[in-house]
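Letter by letter, the chains look like this.
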Amino acid sequence: PVQHAPNMLCSSCIARAKTAPAAPSVGFAAAGYIALTGDLPGALASFKTNYPLLVFPTKLLISFPLVYHYLGGMRHFAWDLHKIGNQADKTSLLETPKVEQSSQVLLGASLALSVLAAIL
């Protein structure tokens, strides 16, 4: 059988499916830690003091799945509300080139917004 490299759409759909459980998992882990310590402001201050180099990556780890999954959902709303067209009409948002382009925009926008959220 011929093996093909996954295209951007395939990768985008897989990433969206994987980010769905990632966000709650990180949140539940943080909630468990805070439940054990009993002090949210103290836990955050302690983390920032003891692990200053991990603050930005942690914020990015938390924000990216949320942003990516939300923007992917918005893209699906656009697809659902846009006319699908027929085989001869190449204006549909579901044509392969437009889907590939929207996948690239989704990834880029998600990364940019996640970095912005992590900086704040």
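Bear in mind that the values here come from a model prediction, so they are computed numbers and not experimental data.

1. Thoughts on the layout of surface pockets
Of the voids in this model, the largest pocket is the one considered here, and its volume is about 440 Å³. Ala30, Leu44, Phe47, Thr58 and Ile62 are the residues nearest the centre of the largest pocket, which is lined by 17 residues in total. Those elements giving two or more residues to the lining of the largest pocket turn out to be helix H1 (8-37), helix H2 (40-50) and helix H3 (55-81). At six residues, the largest contribution of residues to the lining of the largest pocket is made by H2.

2. Quick look at the packing of H3 against helix H4 (residues 96-119)
Relative orientation and spacing of two packed helices are given, respectively, by the angle between their axes and the distance between those axes. Running from amino to carboxyl end, H3 crosses H4 at an angle of 145°, the nearest separation of the two axes being 8 Å. Considering how the two elements wind past one another, H3 and H4 form a crossing that is right-handed. Per-class residue counts for the contact of H3 with H4 are 17 nonpolar, six polar and two charged.

3. Remarks on the packing of aromatic side chains
Applying the stated criterion across every chain, the model contains two aromatic pairs. Between the aromatic rings of Phe47 and Tyr51, the centroid separation amounts to 5.6 Å while the plane-to-plane angle is 40°, which identifies the pairing as tilted.

4. What about H3?
The end-to-end C-alpha separation of H3 is 39 Å, in line with the 39 Å expected for 27 residues at 1.5 Å each. Where H3 bends most, the angle comes to about 30°, and this point is Ser63, followed within four residues by the proline Pro65.

5. Some remarks on the confidence of the model for the protein
Across the protein, the average pLDDT comes to 82, with 84% of residues at or above 70. Of all helices and strands in the protein, the one with the weakest mean pLDDT is H1 (74), whereas H4 scores best (92).

6. Remarks on a nonpolar patch on the surface
A cluster of nonpolar side chains, Tyr70, Met74, Phe77 and Leu81, forms an exposed patch at the surface whose accessible area comes to about 490 Å². Mapped onto the elements of the fold, Leu81 is located in helix H3. You can call Leu81 exposed: its relative accessible area is 75%.

What counts and what doesn't
- Residues numbered from 1 in each chain as written.
- Predicted model: local features only at pLDDT ≥ 70, side-chain atom pairs only at ≥ 80, totals over all residues.
- Heavy atoms only, no water.
- 1 Å grid on protein atoms, 1.4 Å probe; cavity = no way out; pocket = protein on both sides within 12 Å on 5 of 7 lines; lining within 4 Å.
- Points joined across faces, edges and corners; volume = space filled by probe spheres on them.
- Helix = DSSP H or I, 4+ residues; strand = E, 2+ residues; numbered from the N terminus.
- Axes fitted to C-alpha atoms, helices over the stretch in contact; angles between N-to-C directions.
- Left-handed = near helix turned anticlockwise from the far one by under 90°.
- Nonpolar A, V, L, I, M, F, W, Y, C, P; charged D, E, K, R; others polar.
- Phe/Tyr/Trp six-rings, centres within 6.5 Å; stacked < 30°, edge-to-face > 60°.
- Expected span 1.5 Å × (residues − 1).
- Bend = angle between axes of the 7 residues up to and from the residue.
- pLDDT = per-residue confidence, 0-100.
- Patch = residues over 30% accessible without salt bridge, like charges linked within 9 Å, V, L, I, M, F, W, Y side chains within 5 Å.
- Areas by Shrake-Rupley, 256 points an atom, 1.4 Å probe, with all protein chains shown as cover.
- Salt bridge = Lys/Arg side-chain N within 4 Å of Asp/Glu carboxyl O.
- Buried < 20%, exposed > 50% of the residue type's maximum accessible area, 1.4 Å probe, protein only.

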